[in-house]
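These are the residues of each chain, in order.
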Amino acid sequence: AVVCGMSSCLNSDDNEKELTQEQMRAAMNELSGTYEGYMVYASNLIDVPDTVKNMQWTIDSVLTIKAFPLSVLAKSLSASADDTFKADVKALSEKDLKCYLGFYDVGEKGHTMNVVPLALEFSARTGDKARNCKVLFLSHNDKSVAIYQKSSKHFEFMMNTYGLYLDDVLQDNGLFNR
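Per chain, residues are indexed from 1 in the order of the written sequence. Only residues with pLDDT of at least 70 are given local features in this predicted model, and only at 80 or more are side-chain atom pairs given and counted; all residues enter the totals for whole chains, interfaces and linings. Excluding hydrogens and water, the side-chain values take into account all heavy atoms of the structure.

1. Examining helix H2 (residues 83–90)
1) Next: Only protein chains enter the calculation, and the probe is 1.4 Å; a residue is then buried if its accessible area is under 20% of its type maximum, exposed if over 50%, and partly exposed in between. Elements are defined by DSSP. Helices are runs of H or I of four residues or more, strands are runs of E of two residues or more, and each kind is numbered from the N terminus. Regarding H2, the residues found buried are Phe85, Asp88 and Val89. Axial view of H2: buried residues confined to an arc of 95°, hence all on one face. Away from its buried face by more than 90 degrees, H2 exposes Asp83 and Lys90.
2) Next: In what follows, residue pairs with any heavy atoms lying within 4.5 Å of each other are defined as contacts. Considering only its buried residues, H2 is in contact with strand E6 (120–126), strand E7 (129–137) and strand E10 (161–166).
3) Next: A 3.5 Å cut-off defines polar contacts: any pair of N or O atoms within that distance qualifies, except that in protein one atom must be a possible hydrogen donor and the other a possible acceptor, and neighbouring residues in sequence count only when both atoms are side-chain atoms. Backbone nitrogen of Thr84 and a side-chain oxygen of the N-cap are separated by 2.9 Å at the start of H2; the cap is Asp82. To be clear, the arc concerns the directions from the helix axis to the C-beta atoms.

2. Some details on the sheet that holds strand E9 (residues 154–157)
1) Next: A sheet is described by the order of its strands in space; here seven strands give the open sequence E1-E2-E3-E4-E5-E8-E9, paired in antiparallel fashion. Both outer strands of the open sheet, strand E1 (33–41) and E9, are each paired with one neighbouring strand and no more. Across the sheet, the axes of successive neighbouring strands diverge by a mean angle of 30°, strand direction being ignored.
2) Next: If DSSP finds at least two bridges between two strands, the strands pair. Relative to strand E8 (residues 145–149), strand E5 (residues 110–117) is paired through five bridges, and the arrangement is antiparallel. Bridged to Thr112 within E8 is Ile147. Axis definition: a line fit to C-alpha positions, over the contact stretch in the case of helices; interaxial angles, taken between N-to-C directions, run 0 to 180 degrees.

3. Some thoughts on the layout of surface pockets
1) Next: The volume enclosed by the second largest pocket comes to roughly 190 Å³.
2) Next: Only protein atoms enter the 1 Å grid used here, on which a cavity is any set of points holding a 1.4 Å probe that cannot leave and a pocket is any open set flanked by protein within 12 Å on both sides along at least five of seven lines; residues with an atom within 4 Å of a point are listed as lining. Lining the second largest pocket we find ten residues, and of these Lys17, Glu18, Leu19, Phe103 and Tyr104 sit closest to its centre.
3) Next: Listing elements by their share of the lining of the second largest pocket, those giving two or more residues are helix H1 (21–31) and strand E4 (94–106).
4) Next: Counting residues per element, the lining of the second largest pocket draws most heavily on E4, which supplies four residues.
5) Next: Per-class residue counts for the lining of the second largest pocket are five nonpolar, one polar and four charged. Grid points are joined across faces, edges and corners, and a volume is the space filled by probe spheres set on the points. In the scheme used here, Gly and all other residues not listed as nonpolar or charged are polar, with Ala, Val, Leu, Ile, Met, Phe, Trp, Tyr, Cys and Pro taken as nonpolar and Asp, Glu, Lys and Arg as charged.

Below, the structure written as structure tokens:
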């Protein structure tokens, strides 16, 4: 495999200004509150996504998705997943999901942020064996972003799963579609 990367700096005058702590603190204060809406869950880029209505999230120092439906993760399991494991994941209850927010831009019309969800941890069985499971999410990319529009007070964000760990071993796409 060959990997090639290139970068260039024409001069040292960056047009991008680094955000100050005060700008980020003010933006976080502006975002603080409780939001209600829906979640669209797509297990892959081909299938029609499911919509989970009546979702609620709060923002204080972090974004907390209230009662995230862990059972929706079963839609990302491949056909080769163990039937017991599928059933256990489908039966998972809801759990609050905390996400850190990192600001890319704070502007007059709105803000753009990086959403960094913490891992979702749960137990499920494969056959008769209980397994410690962890689902990780991508961050710092175009699939993990939030946008806040000041005029409408509209807050929208995207998260994308990265992978599934069973007992600290990352599973391949044969089990979990990312």
